Amino acid sequence: MTTLTTIIAAVIVTLQPKVTPERAEVYAVAIEQTARKYDVDWTLLTAIINRESHFQPYNISRTNDYGMGQHHCPSFYCGKHPTPEQKACLLDAVCNIDLTGQELVYKKKTCARKGKRCTDWVQMYNPGSKGYAQRTRALEAQIKQMAAKHRILVEHREVKPVL
């Protein structure tokens, strides 16, 4: 497990104490991989997942939003009625985290095409929630502070005494 994965897992457990360290590690690996794959900041990805589902992979909202990133059908991923394979992916934590990364890239590109009409692409992730971007960015800042504290603890543990 990388140092970053350890830090992400610690942040997840700090945000959501009901998530076991073992599950947090699985989510942390997926978040780290997705962040690298799509060139998305892992702190933003973590903030969105925490805001959307509190790291509950089987969460289905009353508006038919699925999983960790609360993906809605129809969307860029599925039609009005997801196939069994799509539904399985939507409810699989690792697959859903990857979808969240894909959707963030899609929203960022869409916002860039809109130009000045788009003030914050994070708001596009949940356009029906007024102030979503502001609250998500505030949580992202808190996550960065948590990560800094956890990084110090992890690096302190990794220091080997000189004999």
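This section reports on the structure supplied with the text. (Residues numbered from 1 in each chain as written. Predicted model: local features only at pLDDT ≥ 70, side-chain atom pairs only at ≥ 80, totals over all residues. Heavy atoms only, no water.)

A closer look at the side chain of His-150
You can see His-150 is positioned in helix 6 (residues 132–158). When residues no more than four places from it in sequence are discounted, the contact partners of His-150 are Ile-7, Ala-10, Val-11 and Thr-14. (Helix = DSSP H or I, 4+ residues; strand = E, 2+ residues; numbered from the N terminus. Contact = heavy atoms within 4.5 Å.)

Structural notes on the packing of helix 2 (residues 21–38) against helix 5 (residues 93–114)
In a pair of packed helices, the angle between the axes and the distance between the axes together describe the arrangement. Axis separation between helix 2 and helix 5 bottoms out at 9 Å; the angle between their running directions is 30 degrees. In terms of orientation, helix 2 lies roughly parallel with respect to helix 5. The way helix 2 lies across helix 5 gives a crossing that is right-handed. Of the residues in helix 5, those touching helix 2 at Arg-23, Val-26, Tyr-27, Ala-30, Ile-31, Thr-34, Lys-37 and Tyr-38 are Ala-93, Val-94, Ile-97, Asp-98, Gly-101, Gln-102 and Val-105. Class assignment of the residues belonging to the contact of helix 2 with helix 5 gives a composition of nine nonpolar, three polar and three charged. (Axes fitted to C-alpha atoms, helices over the stretch in contact; angles between N-to-C directions. Parallel < 35°, antiparallel > 145°, perpendicular 65-115°, else oblique. Left-handed = near helix turned anticlockwise from the far one by under 90°. Nonpolar A, V, L, I, M, F, W, Y, C, P; charged D, E, K, R; others polar.)

A look at the state of the cysteines
In the structure shown here, the tally under the stated rule is three disulfides. Disulfide pairing places Cys-111 opposite Cys-118 at an S-S distance of 1.8 Å. Between Cys-111 and Cys-118 the disulfide shows an S-S torsion of about -105 degrees. By sign, it is left-handed. Cys-118 matches Cys-111 in its accessibility class, with the two residues each being buried. With cysteine numbering restricted to those in disulfides and following the sequence, the protein has the pairing 1-2, 3-4, 5-6. (Disulfide = S-S within 2.5 Å. Buried < 20%, exposed > 50% of the residue type's maximum accessible area, 1.4 Å probe, protein only.)

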